Amino acid sequence: MRKIASIVIAVALLAAFASCSKKDPFETSIYSEQPTIVTFQDYLSENPDLPSEGVDPVLAFGAEKGIIEKKGFQFKDSNGNGELDPYEDWRLSPRERAVNLVSLLPVEEKLALLDYPLNKINAFDDGFAIPGLYDDGTYKEDSAAERIVEWGHRYENTKMNNIAPLDLSKFLNNIQGLSERLDYGIPYFFSKAPEFSLWTGNELDPSQETGWPFWIGFGAIDDLHVTKQFGETVRQEMIMSGRHGVVGPQLDLATEPRWARIAYTFHSDPEMVSKHATAFIQGMQGDKLDKNDIAVNGVVSFVKHFPGTGSCEQGMDNHTYAGRYSVFPGDNFDAHLQPFKDVFQNAKPGGVMIAYSIYDIEKYKDVENGAPVDEAASFSTKIVKGLLGEELGFDGAIVSDSGVVKTEAWGHEDETEAERLAAMVNAGTYQYMPGADEGWRMEAYEKGLISDEVIDDAVVHSLVLQFETGLFENPYVNIAEAEKFWDPNGKERQKRNELGYEAMKKAMVMVKNDELNADNNVLPVRAGYDPYIETVDINGNGKVDVYFDSAFPDSDSGQAKTYAKATEEKFSYVNFVSDINEADVAVVRINARGGTYFGTQGPVPLDFESPTLVYDREAKKFTDEVVENFTDLKNFTFGDWSNVGGPEMIKQGYRAYLSYSDSIAAINKALAAKAARPEMKLVVGMTAPRPGIVSSFIDDVDGMYIDFAATDSAFLDVLFWWDGAKPEGSLPVEFPRDNESVNAQLEDVPGDTENPLFEVGFGLEYTKVSGYGY
């Protein structure tokens, strides 16, 4: 690895350069000093123990790239021609470098750089080897290797959650090595969906990324320091796993309580969304790390879904024909746009994802043959080039949401894929997710549907990302640093784990806490022996017998495993019982009823009992036809994606985020036990990816928490007031009282259901907790 070893040498070089030129060599650069230049050969030489099955095939392709020395500085010879081309010159601005590189590329490679595939390299079957890449210098047709070598793909939004981050970094380093050895040495840009929360009660896995609450949980906590810590942790973990972008956060307002994606929003109030999104993006992009909005070791934020999709019609999903409209019956569009305005000004995200929905606002509709056009936002010139570009001044990377060309091409269903891609790119939505280009762009180009000028501008916007993040100089994860970073027993990992764990507890909201006696409430449960505090002891055995049932059957919780774990560790004083009929206090964790994603002709109700009814958009009313819903993810199978889009409405949901059939059984069992033994105290905890209607049982329970994703251990800490843990959150969305009020509220207006059970901002605190405590 070639480095400038000391500040003294760097200063001397700078002085030497200044003697022959008055221009500051770092004036327009993203760097403030000579950057570290790392080639694939450097990376291999410093890591001799790397698995050969991942390295040998890469070395069979292309050519080794060298280093160019010029005026005392070092540059990577990315195209291998022995000369310093402008795009290789890190002293220039990212845009200058991108413009030069685009001028060198053939049109086929330019078009490939507008593809942003989803999970196309999502494999790890052969260890660290790139799928389809062979040792003899050949590759398999329609494989990851072919997409890199032949098609020229350089973007990937991928999960690969089944791979330990340390292994993932080695795998992605090999892909970077292959990319470097090809003609122009264009590095790969890897991003990830914003999935950092735990959707189950599973305990944190120290070998994986840190688990956090749902995004909406940070609105519940309302502590910008915590939110920025979240962003900083994501930045560190993405970089150390080989990724460079996050397709998030969502800046959508949680104004429609039935929408399935509320868990990924921050709040229902635009000011709250603005300030928390700004804090997160600043932490993730590393705005304070160097002189740029996106630090060299920062992670690019693609905020979404512009210009705001929280007001889905009747709470349906915009991915499907029935729910394709975002509506604003309360004339509140400006509030939904406000977080984007604020974040562009204060956080300067590097990318934007355009929404897939149709905006039912006349002024933002394109006009064709004298009539306004109903079309998905990605196709709208007025929304992308007009509102986003001209009005708000955004000039970063612009990507479509997944599927707007092949499946959710609202307003363009009768066109070919080539025509749709052309319409999208001409509108200013430059990169297509999930990147299913089957020659459509070249077809559009050859038919004259996309001009060279538009293509060049689009590719410059996309390539700037690699230059802004310093990938042309060094796209490789330092394995020695990564090993220390991901060490499950290391202090770094433990610190990150603790941050997420504490956030889960802080995000919990207590919404009910009945009085136990004049001096004590039901919550927190004081299950230990404390002579100064009277606790519930129905059984008269001098102990508080606690029954605990978790809605997460696959987690380290719920039944015998929980009791053993809790007894051995923190809660040795808790007398857990396995029979609810023997309990002094019964504690039941359930899930709120989840909405559907990619599916249904009507909104999934928020209560546990009501069926999903088909919504007739033309008549503006619900019919009597019942939509089939998935109620149990354990029995769920993914359907044929080809049935998702188009004018034919589908009847089955695509994803019911959280199963609730187990929750129904658990709460009914608990209510029956309470009815049989009214003296038993019943406490309910509900995990809420969206609000839930709990009016049918709230009066029959003695205490209740709302959590926004928490492990069972975190939940128990708060329940038992372990080490002072307490519910600190307040509700970021309202919890309605009944379905009728939900159906009558306006999709774009926050907190407007009539007589809600719990209003936005509601949250109780522990009182009467003096004494010994725990």
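Everything numeric here is computed off the predicted structure, so don't read it as measured data.

1. Concerning the sheet that holds strand β18 (residues 585–591)
Reading across the sheet, the 6 strands line up as β13-β22-β21-β18-β16-β17 and stay open at both edges, with mixed pairing between neighbours. Either end of the sheet is taken by a strand with one partner, and the two such strands are β13 (509–513) and β17 (575–576). Running over the sheet, helix α19 (residues 661–676) touches β16 (545–549), β18 and β21 (681–687) and is turned about 155° from β18. Relative to the sheet, helix α20 (residues 712–719) contacts β16, β18, β21 and β22 (703–707), its axis offset from that of β18 by approximately 140°.

2. Some points on the pairing of strand β4 (residues 189–192)
Here β4 shows no split at all, with Phe189 and Ser191 on one side and Phe190 and Lys192 on the other all buried. Bridge analysis of strand β3 (residues 155–157) against β4 gives 3 bridges, and the strand direction is parallel. Pairing of Glu156 across the sheet is with Phe190, part of β4.

3. Side note on the packing of helix α17 (residues 491–506) against α20
At a minimum axis distance of 9 Å, the contact between α17 and α20 shows a crossing angle of 50°. In this view, α17 runs oblique relative to α20, as classed from their interaxial angle. Considering the relative orientation of α17 and α20, their crossing is right-handed. Between α17 and α20, the residues in contact are Tyr501, Met504 and Lys505 and Ser713, Ala714, Asp717 and Val718, respectively. When the residues that make up the contact of α17 with α20 are grouped by side-chain class, the tally is 4 nonpolar, 1 polar and 2 charged.

4. Looking at the pairing of β21
When you tally the buried positions in β21, you get 7 out of 7 residues, the bulk of the element. With burial as the criterion, each face of β21 is covered, one bearing Lys681, Val683, Gly685 and Thr687 and the other bearing Leu682, Val684 and Met686.

5. Digging into unusual backbone geometry
For the bond running from Gly248 to Pro249, omega is 5°, close enough to zero to count as cis. Here Pro249 lies in the loop between β5 (245–246) and α10 (270–285). Cis rather than trans, the peptide bond between Lys304 and His305 has omega equal to -5°. Inspection of the secondary structure assignment puts His305 in strand β6 (residues 300–306). The phi dihedral of Asp331 is positive, around 55°, even though this residue is not glycine. Mapped onto the elements of the fold, Asp331 is located in the loop between β7 (325–326) and α11 (333–346).

6. Considering the packing of helix α7 (residues 165–181) against helix α16 (residues 479–486)
The N-to-C vectors of α7 and α16 enclose an angle of 160°; their axes lie 9 Å apart at closest approach. Viewed along their axes, α7 and α16 adopt a mutual orientation that is roughly antiparallel. Regarding α7 and α16, the two cross each other, and that crossing is right-handed. Contacts from Pro165, Leu166, Ser169, Lys170 and Asn173 of α7 reach α16 at Ile479, Ala482, Glu483 and Trp486. In the contact of α7 with α16, the residues fall into 5 nonpolar, 2 polar and 2 charged.

7. So, the confidence of the model for the protein chain
Residue-level pLDDT values for the protein chain average 87, and 87% of them are 70 or greater. The low-confidence segment residues 629–658 (pLDDT under 50) makes 78 contacts with residues lying over four places distant or belonging to another chain.

8. Thoughts on the nonpolar core
Counting 53 residues, the largest nonpolar core has Leu101, Ile186, Phe189, Phe302 and Leu463 as the members making the most contacts within it. Of all the secondary structure elements, the ones that give two or more residues to this core are α4 (94–104), α5 (107–112), β6, β12 (397–400), α13 (417–427), α14 (440–446) and α15 (452–468). Of the residues forming this core, the biggest block, 9 residues, is contributed by α15. One finds Phe230, Ile281, Val299 and Tyr364 within the second-largest nonpolar core, a separate group that totals 46 residues.

9. A look at the packing of aromatic side chains
A complete count under the given rule lists 41 aromatic pairs for this structure. Through a chain of ring-to-ring contacts, three or more aromatic side chains come together here, namely Phe196, Trp212, Trp215, Phe218, Phe230, Phe266 and Phe280. Above the plane of the ring of Tyr321 lies Arg324, whose end atom (NZ or CZ) is 3.7 Å from the centre. Over the ring of Tyr325 we find Arg617, and its NZ or CZ is 3.6 Å from the ring centre.

Calculation criteria
Just so you know, the residues in each chain are numbered from 1, in the order the chain's sequence is written. Local features in this predicted model are restricted to residues whose pLDDT is 70 or higher, and side-chain atom pairs enter the listing and the counts only when it is 80 or higher, whereas totals over whole chains, interfaces and linings include all residues. Only hydrogens and water are set aside; all other atoms, that is, all heavy atoms of the structure, feed into the side-chain values. Think of it this way: DSSP has to see at least two bridges between two strands before they count as a pair. The secondary structure listing takes helices from DSSP runs of H or I that are at least 4 residues long and strands from runs of E that are at least 2 residues long, numbered from the N terminus. We call two residues contacting when some pair of their heavy atoms lies within 4.5 Å. Between N-to-C directions, angles span 0 to 180 degrees; the directions come from axes that are lines fitted to C-alpha atoms, helices contributing only their stretch in contact. Burial here depends on accessible area, computed with a 1.4 Å probe over protein chains only, as a share of the maximum for the residue type. Under 20% is buried, over 50% is exposed, and the range in between is partly exposed. Any angle from 65 to 115 degrees is called roughly perpendicular, while one under 35 is roughly parallel, one over 145 is roughly antiparallel, and all others are oblique. What makes a crossing left-handed is the near helix being turned counterclockwise from the far one by less than a right angle; a clockwise turn instead makes it right-handed. Charged means Asp, Glu, Lys or Arg here, nonpolar means Ala, Val, Leu, Ile, Met, Phe, Trp, Tyr, Cys or Pro, and polar covers whatever is left, Gly included. For every residue, the predictor assigns a confidence score, pLDDT, that lies between 0 and 100. In this description, a nonpolar core means a group of buried Ala, Val, Leu, Ile, Met, Phe, Trp, Tyr and Cys residues linked to one another through side-chain atoms lying within 4.5 Å. Classification of ring pairs rests on two measures: the distance between centres of Phe, Tyr or Trp rings, Trp counted by its six-membered ring, which must be within 6.5 Å, and the angle between planes, read as stacked under 30 degrees, edge-to-face over 60 and tilted in between. Whether a charge sits over a ring comes down to the Lys NZ or Arg CZ being within 6 Å of the ring centre and within 35 degrees of the ring normal.

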